[in-house]
Amino acid sequence: MAASTCILNFVKCLIILFFVNVSLALYADQVGKFDWNQKLIGKVKYALFDHSTHSSKRIVVATEENVIAALNSKTGAILWRHVFEKTSVGIVHALYNVGNDVVTLTGGGNIIRSWNSATGVLHWESVASKSTATDNPQSLLMLEKKTLVVLTSDTVFAVGLATGKIKWTAEVPNKDTVVYKHFYTDLDNLYLIGTVEGSHVTIATISLETGKVKLQTQVPASWVLLSTTCKMLQSGRLICFEPRMKYLYSLQPPSGDQFVPTALSDVMGQLMVIKDVSFTDLHADSVGVQVAPDHHIVITVDASGQAKLVKDLPQVFGIDNLSGEVIWQKLIPGIVPFQQLGKETLPLFVLRTTAHFPHPPEYAVLGKHKATGNGLLDVFNPITGRCMTREVIQLNYRVQHVSQLAQHDADFVRPVIFVDTNKLIHVYPETATDVLMEAVAHNYLFSADADTGVVTGYRMSLTAEKGFTSEPVWSVILSKDTQRITNVVAKRQNEHVHSQGRVLGDRSVLYKYLNPNLVVFTTEGQDDQEKSYVTLYLIDVISGQVVFSANHQRAKGPVNIVHSENWVVYTYWNQRLRRHEVAALEMYEGRTQSNTTAFSSLAPPPTPIVERQAYILPYTVVAMTTTITEKGITNRHILLALADGGILDLPKALLDPRRPNTPTAEHREEGLIPYMPEIGAPKEMIINYNRSVFNIDAIYSAPAGLESTTLIFAYGLDLFCTRVWPSKMFDVLKDDFDYWLISVVLTALILSSIILQKMAARKQLHAAWK
Amino acid sequence: MALNTASMMENFVDVFILLFTTIVAFAAGNDTGGSSFHYSVEGKVPSLQDYYPDWTIRTRILVNGGQYVGFLKHDGSFQVQNLASGSYVFEVDNADFDFEPVRVDINSKGKIRARKVNYIQSSQVNTVQYPLKFRLRGVANYFQKRETWRITDMLMNPMVLMMVAPLLLMVVLPKLTSMQDPESQKEMQDMQQQIQQPQMPDIAEKLTSLFGDSRPKSIKAKKVK
């Protein structure tokens, strides 16, 4: 009995899901019509010019995003690319060119892989199991005897080049006192060069065949520190840079027993203000010296004036969303991002849109100054990229909190307010103090401190002595000792809710609890039995009331959250059952609405009814967002970026906490899909078809001018931009509309009706004359 | 004698201590060498050479959704190294093909077991062969077909069939059966009349003759009288 109803429900669910699937997929000829994607590689760490005899010129690079790729040196196109793990396990520590192959060292110095540099196919990989993984292992070196040598923090091992077999592993001598950073080989021996801070440089000679330490010598060098930059040249010479006296010391192991100093000013010719020096590998005998003057731009200067390397700074790009090409890009010198909950952010504000001609549109980027830590604001025109003020605005205070007001001033600019560390409030543009005066009465601020675990609400006030200040009004302590705040998610400011409630199967209305001041906080912690848990708090940030809280025991982050309208959807990892789960939460006021005109946090409605449900996700979600439209009429879809490179488009109806286990006629009337524990990822719902995008950081959605369309932009390592139609294109003619057929039929009918009319008239005339 | 035994005892103790320490050192050495992160899992992905030649570059193995990544050699075999004991989900990350994921359990002694992935009943064990061999589920189909208009859509409509087909039969068949000259047409008409006219009373007479033979005649005769 139960089995048959179960099967029946399953079949019904499949049928419903079938219809849901078919209505959402793209057509094969729509590929590339509305979307574009770009595969990127990240900030280059190591680069090798391919010395193999192939005709196409190739550069093999390893980047800070843990990617190795081969680029065409003429066009920059990616020939092949391999993406390693995003965590520290995937950091590429070294990249070395060996004939037709490229060898990489990853995994904390443990895993060596050899790749064919033309095709990117893996030849072999091997692991040195005895060494412990570190974050900073040293580079590889090739020898004539077809052996690769790797140095990690406490071991050195040799790998055969042809098959990857580990030949020998040895511990470095005196690993507690000496830090080994360089090595050099000749035919029979390996020389390890390590430093003891403040006293000397040690050279250990190790046999290449067996790995046994033959000899250890010491060279006195009282100037040497752990942070001294040194470089081993291919000819066997060691060069170190001593920053205090600006001297270059050189040593020729193994025979050398003295460091030979040369002043840098003699070498460089002119005396520049030299702060920091690092070396690059150019030729066997010469060295490229990178010198960083105060302009924060790094150039390599050597004898023949070769490659110019520019150090990466956070940049702002203006990209055309139809084609994906970069229209403008700008460099903001001296800017550094803020650290927020473990992530780096550079807040971007829309001060004025293009809707107020003749005022040009204005955007602002806020960052920290690299040296002083004070705020740095860049106001620019988003269409051209040009700065609107003469130069970047330097604020003379540290910004602790930044927010944007909803009201705009006479020039249609929505001001941005900054709260500094002394709780004083500043506003940009400075002329907008009247708007601020008005806003002071109605706007409140809140801050969540991840280090102390305290969420504080502030109100703004105008005092005679200090001007605008903020003072705390309430605080909620999410105890710091056992848990840590990991996410703070508020609703989008430009979101519009179309319907106030949900129509149930018996034609009554269940009113939604729409609180615009609700913010979701998640904390992750460990209880006294070392079991991790995730807690969710929904706090009204004006009154400080904790509206709802939920706890998941034996669960772990990272938690991806979407908060919109009256619902919250979040994913977490269930440790006990070893699977990812998604939970959906909806809040309702009930059958009656408490306040039909406006919501007030100071006179709040009664505690809402919360409906919750959780589902299993058979895949890993990396980022999540929801679609948003101008009026909020279209259905909501949740977009999930998966670890395998697809972006999944799920209807919100699948994540509806009211989904029944045993549907009745009323549930069917309401249109609820019966409950199934697993939410799959059918291929038709993947909006980027087979153009995988890896290591996505976040997906951004924006309303388009049309109510049916939402613009989606996913960014991370790769970029992907497209449009989605959650309720299909109801306000636009479908793109395979048969203009041709209809116009042909129409003209044919018109012509035939004219001709037949004439023929009928002629026949009548003939008949009349008979 | 006593001295000899004492020295022998000392020697024995020394040897014992030496042996003991070497054994302990060996065990300790093994302990540090056998750290928990040294298991490696091997497997093979069936060849997709027929579909595209560079399939080994476009495919990678994701462990636990990207916690570890494995790369394929030219024949499709892979190794994921440095795994601690625990349970991992291995899946093939290829944009064009769908493979069945596998759950691999490594217990604390290093025994590796591969089983089917079941998120709903995670303790159920359906073992799968190890070294792993991924099974191809099918080609990933991301698109739906366009609805095209074909002439059979209109012809196969039941309304059309009910109305148009009889119409055709009524118009076409007589044209086929009718002869060219008017005489045979007249003959046909005469024949039809002949066939039709006597038929009706014939059947009625036959039926009455079946049920009762002479009665209608006698009745008729009587009535005539």
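Residues numbered from 1 in each chain as written. Chains lettered and ligands numbered in written order. Predicted model: local features only at pLDDT ≥ 70, side-chain atom pairs only at ≥ 80, totals over all residues. Heavy atoms only, no water.

Looking at an unreviewed UniProt entry, one finds chain B named ER membrane protein complex subunit 7 homolog and attributed to Priapulus caudatus. According to its UniProt record, chain B has this under Sequence similarities (unreviewed entry): "Belongs to the EMC7 family." Under the heading Subcellular location (unreviewed entry), UniProt records this for chain B: "Membrane". (UniProt positions renumbered as here; feature names shortened; annotations may be inferred.)

Looking at an unreviewed UniProt entry, one finds chain A named ER membrane protein complex subunit 1 and attributed to Priapulus caudatus. UniProt lists a comment for chain A under the heading Subcellular location (unreviewed entry), and it reads "Endoplasmic reticulum membrane". Under the UniProt heading Sequence similarities (unreviewed entry), the entry covering chain A gives this text: "Belongs to the EMC1 family."

Chemist: Help me understand the overall build of chain B in this model?
Modeler: Counting its secondary structure elements, chain B contains 6 helices and 12 strands. Within the span of chain B, comprising 225 residues, buried residues form 26% of the whole. The contacts in chain B between residues at least 6 apart in sequence include a share of 54% that link residues at least 24 apart. For chain B, the computed accessible surface area is about 16600 Å², with 62% contributed by carbon and sulfur atoms. (Helix = DSSP H or I, 4+ residues; strand = E, 2+ residues; numbered from the N terminus. Buried < 20%, exposed > 50% of the residue type's maximum accessible area, 1.4 Å probe, protein only. Contact = heavy atoms within 4.5 Å. Areas by Shrake-Rupley, 256 points an atom, 1.4 Å probe, with all protein chains shown as cover.)

Chemist: How should the domain arrangement of chain B be read in this particular structure?
Modeler: Often, the extent of an interface is quoted as the loss of accessible area on bringing the components together. Taken domain by domain, chain B comprises domain 1 (39-139) and domain 2 (147-196). Distance between the C-alpha centres of domain 1 of chain B and domain 2 of chain B: 67 Å. (Domains from an automatic or database assignment.)

Chemist: Just checking my understanding: could you explain the UniProt feature "domain: ER membrane protein complex subunit 1 C-terminal" (unreviewed entry) in chain A for this structure?
Modeler: According to UniProt, the positions carrying the feature "domain: ER membrane protein complex subunit 1 C-terminal" (unreviewed entry) are residues 564-769 of chain A. Within residues 564-769 of chain A, the helical portion is 18% and the strand portion 33%, while the C-alpha atoms at the span's ends are 81 Å from each other.

Chemist: Could you clarify how one ought to interpret the UniProt feature "domain: ER membrane protein complex subunit 7 beta-sandwich" (unreviewed entry) in chain B in this entry?
Modeler: As recorded in UniProt, the sites labelled "domain: ER membrane protein complex subunit 7 beta-sandwich" (unreviewed entry) are residues 54-162 of chain B. Across residues 54-162 of chain B, the secondary structure splits into 13% helix and 42% strand, with the terminal C-alpha atoms separated by 57 Å.

Chemist: In this structure, what is going on with the interface of chain B and chain A? I would like to understand it.
Modeler: On the chain A side, the residues contacting the 35 residues of chain B number 50 residues. Counting each side, the surface lost to burial between chain B and chain A is near 3800 Å², with a carbon and sulfur contribution of 54%. Where chain B meets chain A, there are 0 salt bridges. Across the chain B-chain A interface, the total number found is 6 residue pairs in polar contact (both at pLDDT 80 or more). Taken together, the elements giving at least two residues each to the side of chain B that touches chain A come down to helix H2 (55-58), strand S2 (60-63), strand S3 (68-71), strand S4 (77-83), strand S5 (86-93) and strand S12 (143-144) of chain B. Note that strand S1 (residues 26-27) of chain A and S12 of chain B share 2 bridges and pair parallel. By the bridge assignment, Leu26 of chain A is partnered in S12 of chain B with Phe143 of chain B. (Buried area = accessible area lost by both parts, 1.4 Å probe. Salt bridge = Lys/Arg side-chain N within 4 Å of Asp/Glu carboxyl O. Polar contact = N/O pair within 3.5 Å; in protein donor to acceptor, adjacent residues only side chain to side chain. Pairing = 2+ DSSP bridges.)

Chemist: Would you take a moment to explain the side chain of Asp420 of chain A for this structure?
Modeler: Residue and element names in this part refer to chain A. Within the fold, Asp420 resides in strand S36 (residues 416-420). Buried charge without a partner: Asp420 forms no salt bridge, and the closest opposite charge is Lys423, 7.7 Å away. A polar atom in the side chain of Asp420 sits 2.9 Å from the backbone nitrogen of Asn422. Polar contacts involving the side chain of Asp420 include one to the main-chain amide nitrogen of Leu424, which spans 3.0 Å. Setting aside its immediate chain neighbours within four residues, Asp420 contacts Tyr397, Arg398, Gln400 and His426. (Lys, Arg positive; Asp, Glu negative; His and termini not counted.)

Chemist: Is there a simple way to think about the sheet that holds strand S39 (residues 454-463) of chain A in this case?
Modeler: Each strand in a sheet pairs with its neighbour through backbone hydrogen bonds, running either in the same direction (parallel) or in the opposite one (antiparallel). All names here are of chain A. The strand order across the open sheet built from 3 strands is S38-S39-S40, with neighbouring strands paired in antiparallel fashion. At either margin of the open sheet sits one strand with a lone partner, and together these are strand S38 (444-449) and strand S40 (467-477). Shown here is a sheet whose adjacent strand axes are inclined to one another by a mean of 30°, direction ignored. Pairing analysis gives 10 bridges linking S39 to S40, with the strands arranged antiparallel. Residue pairing for S40: Val455 is matched across the bridge by Val476. (Axes fitted to C-alpha atoms, helices over the stretch in contact; angles between N-to-C directions.)

Chemist: Help me understand the side chain of Ser114 of chain A in this model?
Modeler: All names here are of chain A. Secondary-structure assignment places Ser114 in strand S9 (residues 111-116). Ser114 gets classed as buried once you look at its relative accessible area, which sits at 2%. Apart from residues lying up to four places away in sequence, Ser114 is in contact with Asp101, Val102, Val103, Val121, Leu122, His123 and Trp124.

Chemist: Just checking my understanding: could you explain the pairing of strand S6 (residues 78-83) of chain A for this structure?
Modeler: Along a regular strand, successive side chains alternate from one face of the sheet to the other. Residues and elements named next belong to chain A. Direction of pairing for strand S5 (residues 67-72) relative to S6: antiparallel, over a ladder of 5 bridges. Of the residues in S6, the one forming a bridge with Leu71 is Ile78. Where S5 hands over to S6, the hairpin turn is made up of 5 residues, of which Gly76 adopts a positive phi near 80°.

Chemist: Explain the sheet that holds strand S17 (residues 200-207) of chain A here, please?
Modeler: All names here are of chain A. Strand order in this open sheet of 4 strands is S15-S16-S17-S18, and the pairing throughout is antiparallel. For this open sheet the edge positions go to strand S15 (179-185) and strand S18 (213-220), each flanked by a neighbour on one side alone. Looking at each pair of strands side by side, their axes are set apart by 20° on average, direction ignored. Across 8 bridges, the pairing between strand S16 (residues 189-196) and S17 is antiparallel. Its bridge partner lying in S17, Gly194 is registered against Thr202.

Chemist: Hey, could you run me through unusual backbone geometry in this one?
Modeler: Most peptide bonds are trans, and most residues other than glycine sit at a negative phi. Phe357 of chain A connects to Pro358 of chain A through a cis peptide bond whose omega is 5°. When you line up the elements, Pro358 of chain A lands in the loop between strand S31 (348-352) and strand S32 (362-369). A cis amide bond links Tyr130 of chain B to the next residue, Pro131 of chain B, at an omega of 5°. Mapping Pro131 of chain B onto the fold places it in the loop between strand S9 (127-128) and strand S10 (132-133).

Chemist: So what exactly am I meant to see when it comes to the environment of Glu171 of chain A here?
Modeler: Residues and elements named next belong to chain A. Considering the arrangement of structural elements, one finds Glu171 in strand S14 (residues 166-171). In this structure Glu171 comes out as exposed when scored by relative accessible area, which is 53%. Separated by 580 residues in sequence, Glu171 and Leu751 place their C-alpha atoms 94 Å apart. Among all residues touching Glu171, those that are not within four sequence positions of it are Asp154 and Thr155.

Chemist: For this particular structure, what's the right way to read a nonpolar patch on the surface?
Modeler: Residues and elements named next belong to chain B. A surface patch of nonpolar side chains, amounting to about 1300 Å² of accessible area, comprises Met159, Met162, Met163, Val164, Leu167, Leu168, Leu169, Met170, Val171, Val172, Leu173 and Leu176. Within the secondary structure, Met163 is located in helix H4 (residues 158-177). Residue classification places Met163 among the exposed positions, given a relative accessible area of 57%. (Patch = residues over 30% accessible without salt bridge, like charges linked within 9 Å, V, L, I, M, F, W, Y side chains within 5 Å.)

Chemist: Got a minute to help me understand the packing of aromatic side chains in this structure?
Modeler: Geometrically, a pair of aromatic rings is defined through the distance of the ring centres and the angle of the planes. For the structure shown, the criterion picks out 20 aromatic pairs over all chains. A centroid spacing of 6.0 Å and a plane angle of 35° characterise the contact between Tyr570 of chain A and Tyr572 of chain A, whose relative ring orientation is tilted. The burial state of Tyr570 of chain A is the same as that of Tyr572 of chain A; both residues are buried. Measuring from ring centre to ring centre gives 5.5 Å for Tyr689 of chain A and Phe143 of chain B, while their planes differ by 45°; the resulting arrangement is tilted. Taken together, the positions of Tyr689 of chain A in the loop between helix H4 (665-670) and strand S54 (696-703) and Phe143 of chain B in strand S12 put the pair across two chains. Judged by relative accessible area, which is 21%, Phe143 of chain B ranks as partly exposed. A cation over a ring is seen here: Lys652 of chain A above Trp567 of chain A, with NZ or CZ 4.7 Å from the ring centre. (Phe/Tyr/Trp six-rings, centres within 6.5 Å; stacked < 30°, edge-to-face > 60°. Lys NZ or Arg CZ within 6 Å of the ring centre and 35° of its normal.)

Chemist: Help me understand helix H5 (residues 739-769) of chain A in this model?
Modeler: Along an α-helix, residues three or four positions apart point the same way, because every turn accommodates 3.6 residues. Taking 1.5 Å per residue as the helical rise, H5 of chain A with its 31 residues ought to reach 45 Å, and the 45 Å between its terminal C-alpha atoms agrees with that figure. Little of H5 of chain A sits inside the fold, with 0 of its 31 residues counted as buried. (Expected span 1.5 Å × (residues − 1).)

Chemist: Honestly, the environment of Asp420 of chain A in this entry has me stumped. Any pointers?
Modeler: Residue and element names in this part refer to chain A. For Asp420, a relative accessible area of 3% translates into the label buried. Considered as a pair, Asp420 and Val402 are 18 residues apart in the sequence and their alpha carbons are 8.8 Å apart. At 2.9 Å, the side chain of Asp420 and the side chain of His426 are in polar contact.

Chemist: Would you explain helix H3 (residues 433-442) of chain A in this entry?
Modeler: All names here are of chain A. Here H3 has its buried residues at Val435, Leu436, Ala439 and Val440. Projected down its long axis, H3 carries its buried residues within an arc of 145°, all on one side. Seen from the open side of H3, the exposed residues pointing more than 90 degrees away from its buried face are Glu438 and Ala441. Packed against the buried residues of H3 are S36, strand S37 (425-428), S39 and S40. (Arc of directions from axis to C-beta.)

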